[in-house]
Amino acid sequence: MSHAVIELSNISYAFPDRDNTLDGLSFHLHEGEKLGLFGPNGAGKSTMLHILMGLITPDEGQVTLFGAPMTDAKAFEAARLRIGFLFQHSDDQLFCPTVLDDVAFGPLNQGLSAEDATERAAEALQTVGLAGFEDRIPHRLSGGEKKLAALATVLAMKPEVLVLDEPTTGLSPEAKARLAEILKGLNMARLVVSHDMDFLSDTADRLLAMRDGKIRPGELKPHSHTHVHEEGDMPHEH
Ligand SMILES: Nc1ncnc2c1ncn2[C@@H]1O[C@H](COP(=O)(O)OP(=O)(O)OP(=O)(O)O)[C@@H](O)[C@H]1O
Ligand SMILES: [Mg+2]
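What counts and what doesn't
- Residues numbered from 1 in each chain as written.
- Chains lettered and ligands numbered in written order.
- Predicted model: local features only at pLDDT ≥ 70, side-chain atom pairs only at ≥ 80, totals over all residues.
- Heavy atoms only, no water.
- Salt bridge = Lys/Arg side-chain N within 4 Å of Asp/Glu carboxyl O.
- Helix = DSSP H or I, 4+ residues; strand = E, 2+ residues; numbered from the N terminus.
- Buried < 20%, exposed > 50% of the residue type's maximum accessible area, 1.4 Å probe, protein only.
- Donors = N, O, S within 2.8 Å, 3.2 Å for Na, K, Ca; no water.
- Pairing = 2+ DSSP bridges.
- Near = heavy atom within 4 Å.
- Polar contact = N/O pair within 3.5 Å; in protein donor to acceptor, adjacent residues only side chain to side chain.
- Areas by Shrake-Rupley, 256 points an atom, 1.4 Å probe, with all protein chains shown as cover.
- Phe/Tyr/Trp six-rings, centres within 6.5 Å; stacked < 30°, edge-to-face > 60°.
- Axes fitted to C-alpha atoms, helices over the stretch in contact; angles between N-to-C directions.
- Contact = heavy atoms within 4.5 Å.

Got a sec to walk through the pattern of salt bridges? Specific residues and values, please.
What the rule picks out here adds up to eight salt bridges. Between Glu 181 and Lys 184 there is a salt bridge, and its shortest N-O distance comes to 3.6 Å. Highlighted residues: Glu 181 and Lys 184, both in helix 6 (residues 173–184), separated by three residues, approximately one helical turn. The exposure class assigned to Lys 184 is partly exposed, which follows from its relative accessible area of 41%. One connected set of salt bridges, linked through shared partners, spans Glu 181, Lys 184 and Asp 202.

Describe in detail the coordination of the magnesium ion (ligand 2), supporting the description with residues and values.
Summarising the metal site, the magnesium ion (ligand 2) is bound by the protein donors Ser 46 (OG) and Gln 88 (OE1), whose distances to it range over 2.0 to 2.1 Å. Placement of the pair is Ser 46 in helix 1 (residues 45–52) and Gln 88 in the loop between strand 6 (83–86) and helix 3 (99–109), with a sequence separation of 42 residues.

How would you summarise the sheet that holds strand 5 (residues 68–69) if you had to cite specific residues and measurements?
One open sheet holds the four strands; their spatial order is 2-1-4-5, and the pairing between them is antiparallel. Among the strands making up the open sheet, the edge pair consists of strand 2 (20–30) and strand 5. By the bridge criterion, five bridges tie strand 1 (residues 4–14) to strand 4 (residues 60–65) in an arrangement that is antiparallel. Paired with Leu 8 across the strands is Val 63, a residue of strand 4.

Any chance you could break down the site of ligand 1 for me, citing the residues and the numbers?
Taken together, the neighbourhood of ligand 1 is formed by 13 residues, with Asn 41, Gly 42, Lys 45, Thr 47 and His 195 sitting nearest. In the environment of ligand 1, an oxygen atom lies 2.7 Å from a nitrogen or oxygen atom belonging to the side chain of Lys 45. Within the side chain of His 195, one N or O atom sits 2.8 Å away from an oxygen atom of ligand 1. Contact with the protein chains covers 63% of the free accessible surface of ligand 1, which is 630 Å².

Go over the environment of Gly 170 with me, naming the residues and quoting the values.
Within the secondary structure, Gly 170 is located in the loop between strand 7 (161–165) and helix 6. The exposure class of Gly 170 is exposed, given its relative accessible area of 60%. Gly 170 sits 28 residues away from Ser 142 along the chain, and the two C-alpha atoms are 9.1 Å apart.

How would you summarise the packing of aromatic side chains if you had to cite specific residues and measurements?
Ring pairs (aromatic) are described by centroid distance and by the angle formed between their planes. Tallied over the entire structure, the rule returns three aromatic pairs. Judged by centre distance (5.0 Å) and plane angle (85 degrees), the rings of Tyr 13 and Phe 15 are edge-to-face. Under the relative-accessibility criterion, Phe 15 is labelled partly exposed at 28%. Relative to Phe 105, the ring of Phe 95 has its centre 5.1 Å away and its plane inclined at 90 degrees; by these criteria the two rings are edge-to-face.

Outline the sheet that holds strand 7, supporting the account with residue identities and numerical values.
Spatially, the six strands line up as an open sheet ordered 6-7-8-3-9-10, and their pairing is mixed. What marks the edges here is a single partner per strand, and that holds for strand 6 and strand 10 (214–217). Across the sheet, the mean angle separating the axes of adjacent strands is 20 degrees when strand polarity is ignored. Docked against the sheet, helix 1 engages strand 3 (34–38), strand 6, strand 7, strand 8 (189–193), strand 9 (206–211) and strand 10, running at close to 145 degrees with respect to strand 8. Helix 5 (residues 143–155) rests against strand 6 and strand 7 of the sheet, and its axis sits at about 170 degrees to strand 6.

Right under this line is the structure:
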């Protein structure tokens, strides 16, 4: 049996003056597992990810990362260097004066030299299709460009596990297809939250759903539909 890299046990959390958003939630991600998580808006998916990253402290329950119980902020700080976390809102991820600074920030934090961090950053930007964006100002990028730059910050860390919150929002079909290929080429465990069921089915081994503040196995209902491509022929079925 492989080890759990992320384990949440019996997590409950309520925002101030609200009912429980998470209610006795348990979850684990094992080494090499590729999980997709979906659920309605406001179900608590992002809240769960913030709890597992140590950005929100749960009212009840235990977070265990890489086998170590996260008992204090220091434990989370160390674990965070090993997890590539993509925020749902890219503006939460990009805060440096240039795109290169943002993407090099993680590797620098991990202790790489300025030269090595810059090399990692350039490589990650190339991977996501943003070569040449090094000197651009992050907050002036388009929505999709911001998402890709944020993804580059995550990939540049060469993390041991990926936790991605809505990685496809705002991406064009080409960028989304490239992201799917990037993910499929990566072997590390990952948890991807998305409303894009096609993307999840394409990139995840197993799907989970969030319901009533808990995680349940997702039900996939195969179906076909008619659609049009941006350029091309008549509507058709796949
Ligand atoms: N800081 C906050 N204070 C109060 N309520 C909050 C706060 N952040 C989130 N919420 C509420 O908690 C609930 C869960 O939010 P969360 O962002 O986790 O949902 P989600 O499943 O990620 O939704 P989406 O699919 O829209 O991203 C929502 O009802 C949201 O309005
Ligand atoms: Mg969310």
